[in-house]
Amino acid sequence: MKRVLVVGGANGVGLAISSVLAQDSETEKVYIVDKQGVSAEYMQPKFQCFQFDLTNTDYSFFDQFCDIDGLVITAGFGRLSLFKDIEEQHIMNSFNVNTIPVLRLVKRFYSKLESSTPFYCGVMVSIAGFMTSPFFSVYGATKAALKIFIESVNVELEKSGTQNRILNVSPGSIKGTSFNNGKTDLTVIHDLATEIVSRIKAHDDLFIPLYDEVFKDVLERYHNDFRAEGLHSYDYKVSSGRVKI
């Protein structure tokens, strides 16, 4: 990947991926687009930063990135809360940041994806998009939509004859990110970011970190009895202290 656009790259996993790319000798430029700027302590010579609000209806801003051969979308947020306690505005904001921008950006660069020329694409989704996730009903819904979208488009790409694919990265909770109002720690996320970049370069279509160690059994339980697994997930979140009811 020579010129990569990282949307949501100012902190967390997006910043870690941007940093890994910037350290790659093949990479010439990393365009970082985020609602906020990159902190001076994290800046690298290959970074070129832009501020843009993804809820904006006009996406012509992205026309300037016609030279990219890679697109990574990591923007997103979530909040652990019972659905009854979530405001209607939060529902709208969640889809307008987590979901709709991915579809719009993939659409804008689809000719590159469908081309015979290598184009690399990865999207941060979530394991919450694969299963029942109480306290994460809205967030899970935004990510479940992405899961189906990516799977469907990847079939269309395969049928078109290209080798290019969209990588669905679906982790559980990630330490060292600012996802839940935490502080980014690149040393903690570096190995994960390196693995994500490697899989994007390989044109993989799905990466679930800790699949064998954790999520293989969780997903199996979910498919066997989604009701029971949903109840288990609810109790687990309460007992872990992550939520208060």
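This text goes with the structure placed above it.
Residues numbered from 1 in each chain as written. Predicted model: local features only at pLDDT ≥ 70, side-chain atom pairs only at ≥ 80, totals over all residues. Heavy atoms only, no water.

Draft legend 1. How the structure looks around the pattern of salt bridges. As enumerated under the stated definition, the model contains eleven salt bridges in all. A salt bridge links D63 to R108, with the shortest nitrogen-to-oxygen separation between them at 2.4 Å. Here D63, found in the loop between β3 (47-51) and β4 (70-73), pairs with R108, found in helix α3 (residues 100-108); they are 45 residues apart in sequence, far enough to count as distant. Under the relative-accessibility criterion, D63 is labelled partly exposed at 46%. Taking relative accessible area as the criterion, R108 reaches 35% and is therefore assigned partly exposed. Salt bridges here are not isolated pairs; linked through shared partners, they connect R3, E28 and D67. (Salt bridge = Lys/Arg side-chain N within 4 Å of Asp/Glu carboxyl O. Helix = DSSP H or I, 4+ residues; strand = E, 2+ residues; numbered from the N terminus. Buried < 20%, exposed > 50% of the residue type's maximum accessible area, 1.4 Å probe, protein only.)

Draft legend 2. Quick peek at the side chain of N154. As for its position among the elements, N154 is in helix α5 (residues 137-160). A relative accessible area of 6% places N154 in the buried class. Those residues within four positions of N154 in sequence are excluded, and the remaining contacts are R165, I166 and D205. (Contact = heavy atoms within 4.5 Å.)

Draft legend 3. Broad picture of the pairing of strand β2 (residues 29-34). Counting buried positions along β2 yields five of six residues, so the element is predominantly enclosed. Note that strand β1 (residues 3-7) and β2 share five bridges and pair parallel. Bridged to V6 within β2 is I32. Handedness of the crossover joining β1 and β2 through helix α1 (residues 12-22) is recorded here as right-handed. As paired strands, β2 and β3 are joined by five bridges and run parallel to one another. By the bridge assignment for β3, V30 is matched with F47. (Pairing = 2+ DSSP bridges. Right-handed = clockwise from strand over helix to strand, strands pointing away.)

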